[in-house]
Amino acid sequence: MKKFLLTLAVACATTAMAQNDMGNITGNLESTFQYLRNDPLIDANQPPEKALINSYANIFYTKGKFSAGARVESYLPRIQGYPDRFDGTGIGFRYIGYKTDFIDLTIGNFYEQFGSGMIFRSYEQRALGYDNAMDGIRLKLNPYKGIRIKGFWGKQRLSFTDGRIINSAGLVRGFDGEMHVNQTFEKLKDFPIDIMIGAQFVSKYQEDDNDQLILPENVGAYGGRIGLRYKGFYLNGEYNIKENDPSSDNGYIYNNGHAALINFGYSRKGLGIVLSAKSTDNMSFRSDRTKDLQDALINFLPPTNKTHTYNLVATLYPYATQLLGEVGYQADIIYTVPKKSKIGGKYGMPININYSIINGSVQSGDGVSGQDSTQRLRPYSNTPFATSTSNYWHDFNVQIKRKFNKKFYAIGSYYNILINNDVIKVTDDAKGKINSHIGVLEMGYKINRKHSLRAEFQALFVNDVYDKATGQEVAQDKGNWATALIEYTISPNWFVSVMDQYNYGNPTEANRIHYIVGSVGYVKGATRIMGTYGRQRAGLFCVGGVCRFVPASNGLTVTLTQSF
Amino acid sequence: MRKAGIGFLAFALVFAITSFTFTSDEGGTKSLPSVDIQNVKGEAFNTLDIANHEGPVIISFWATWCSPCKRELNTIAELYTDWQEETGVELYAVSIDDERTKSRVEPYINAQGWEYNILLDSNFDFKRAMGVNNVPHTFIVMDGKIVYSHNNYAPGDEDALYDKLLELTADAE
């Protein structure tokens, strides 16, 4: 480690002095500062330090076939909502690599993904404090046209304490091979169907330290995948099996797990269609069987629903993948009404219709239980795509965009989102299913070459439920919301925005609060500074289906990002 | 020793950044990194191949869930043919959609009628190597060197991008 740092530092310093012939440096800096106040109305507390700061610097050095990189990170202390064991300043990621057309070797930390990631994905999602970087060795080979082989061996980052990386208990190893058939076999070069095939294998090792159960110390997961393309059509499929993996997530049962994903798409100019189906059961796969939440996950199970961006739609009732099992379907259609038609106008009018539904997987009770139950319990059996009647989620949404002239556009959207709060716990204030209807109108107006105005108006309505205590119908969760946002930009340097989220329909009158936030940002090239002041409500903050709970806050946040 | 190492690294970092600030005004000291990602067909694509194009190349990092990214690329789409004729520019739109939304990328671009080169960076390898913090982030590459970098999008930013393209192609002539 010491030597590594020294080598890297020397390399960086010397490179900086004579970059043209001494290699190449890229990287970025990010720092988030918060000054928080007490706000009893929304349960926001001032931390004892009053101010919090997270900072990161990535630096990557390459020269010819050689590369090295590191990330310095610092939590003094961590900003709100981050895992509470992140503290101190130190090196959170470092590696040395060597790469030619044939071989790519990395020692140290790396991120990697096999296929769709359903048995292995190592990645960073900094906004969530999520980072399961591998620490070990990775080898990638391109032995022949169209063939790619990858292998790795290592531990997984779990935490960052006192300025040091803490890896999780288990060891993770894997191999992956992929062949683009049409490239590999000369004869198939002009075959109309384009074919990719692949296979993936991942194994984890963790000592059996449980004196009641005989736990498998090595757990394997493996699968295959195929991708076909023909003219405007494509079809991708992947199927994985995870062998018995008793864990705190699944209640120490010995069932195998599975994860299957199928995507079918068709597109031509002006039209795109995607149909997806996913089935998973017992697929929590962690390098430490005792962990929960987002800790020590080896795999990533992609949720099959659209990622929304408008504030009320994205943050109030987001879906998080159920690791124990779910079956989901999604259909997405994008159609652009052609330009110069009566409806399409001068610019064409894109319409997007999207529907997704997610239910539980069938776990029928004819598994192995009984006398042997303390040792090898397999309480149920499961068939892929066997869908239970227990509905977790549905989302129907339509979006229409119309550009009226060079200066003005409008986007109208409607969403009906239903989330089963008994399964996907998003709030403490609701019972059963929350059924919400949301409407959003966005408008943009370009005042002149540099000045523009953009506004969003959003309204969310929830269903009522019967309240036993009062014998009355009351609104689910926190009731209805309305949001207004106005943004003014001066290209290419400035942006200013004000947003008011008003919880006007809260069943408790005292909680009908305005959450007002103002932001000012300055951008110059690859530098961005943004200040935000105001009230943020508590809630789940999600990126890509992975969520983190962020407590309510009131105060100032300043973010600085710099790329270089 | 460990602390000294960090100190030294921090020093090197600051030094490196400051020297970049000086050199970047002269433009183009930084090379395009070599990263293996995928094209929209799922085939391996090495990012150095971007530099094979003669003339300026725009690299724009985006995602199907990123509204400002889509505003930027939709705006440029209306100007793209003119830009290509005048400056010989090629645009690579690098999607950072992960497995959740990756399947929407191709249908989305076809439905919008974009004529860009599309690359998929679903585990953020190229994004990391280019030092991108958040999307949208737009670069211009000329002769394999990164000569322009801009984070964020506000209406009108496309004019600054276009001015830079004109400047670059005027230099070349």
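Use the structure listed above.
Worth saying up front: this structure is predicted, and the values here are computed from it rather than measured.

Explain the sheet that holds strand 2 (residues 36–39) of chain B to me, please; I cannot follow it from the model alone.
Backbone hydrogen bonds hold the strands of a sheet together, and the pairing may be parallel or antiparallel. Residue and element names in this part refer to chain B. Spatially, eight strands are ordered 1-8-7-4-5-6-2-3 in an open sheet, and the strand pairing comes out mixed. At either end of the open sheet lies a strand with only one pairing partner, and these are strand 1 (30–31) and strand 3 (44–46). Where strand 4 (residues 57–62) meets strand 7 (residues 137–142), five bridges bridge the pair, whose relative direction is antiparallel. Bridge pairing in strand 7 links I58 to I140.

Which parts of the structure should I look at to understand unusual backbone geometry?
Apart from glycine, the bulk of residues carry a negative phi angle, and the bulk of peptide bonds sit in the trans form. All names here are of chain A. A cis amide bond links L76 to the next residue, P77, at an omega of -20°. Note on placement: P77 falls in the loop between strand 3 (66–75) and strand 4 (88–99). Positive phi, close to 50°, is recorded for K231, a residue that is not glycine. Assignment of secondary structure puts K231 in the loop between strand 15 (218–230) and strand 16 (233–242). You will see that F385, though not glycine, has its phi angle at about 65°, which is positive. With respect to the helices and strands, the residue F385 is situated in the loop between strand 20 (349–361) and strand 21 (387–403). Judged by relative accessible area, which is 25%, F385 ranks as partly exposed.

I'm lost on the packing of aromatic side chains in this one. Help?
Each aromatic ring pair is summarised here by two numbers: the centre-to-centre distance and the angle between the ring planes. Counted under the stated rule, the structure contains 32 aromatic pairs over all chains. When the ring of Y123 of chain A is compared with that of Y130 of chain A, the centres are 4.8 Å apart and the planes differ by 35°; the resulting orientation is tilted. Classification of Y123 of chain A by relative accessible area gives buried; the value is 1%. With relative accessibility at 5%, the residue Y130 of chain A sits in the buried group. Three or more aromatic residues link up through ring pairs in this structure, and these residues are Y56, Y75, Y82, F86 and F160 of chain A. A cation over a ring is seen here: K403 of chain A above Y347 of chain A, with NZ or CZ 4.5 Å from the ring centre. Positioned over the ring face of F124 of chain B is K127 of chain B, at 5.4 Å from the centre of the ring.

Definitions and limits used
Residues numbered from 1 in each chain as written. Chains lettered and ligands numbered in written order. Predicted model: local features only at pLDDT ≥ 70, side-chain atom pairs only at ≥ 80, totals over all residues. Heavy atoms only, no water. Pairing = 2+ DSSP bridges. Helix = DSSP H or I, 4+ residues; strand = E, 2+ residues; numbered from the N terminus. Buried < 20%, exposed > 50% of the residue type's maximum accessible area, 1.4 Å probe, protein only. Phe/Tyr/Trp six-rings, centres within 6.5 Å; stacked < 30°, edge-to-face > 60°. Lys NZ or Arg CZ within 6 Å of the ring centre and 35° of its normal.

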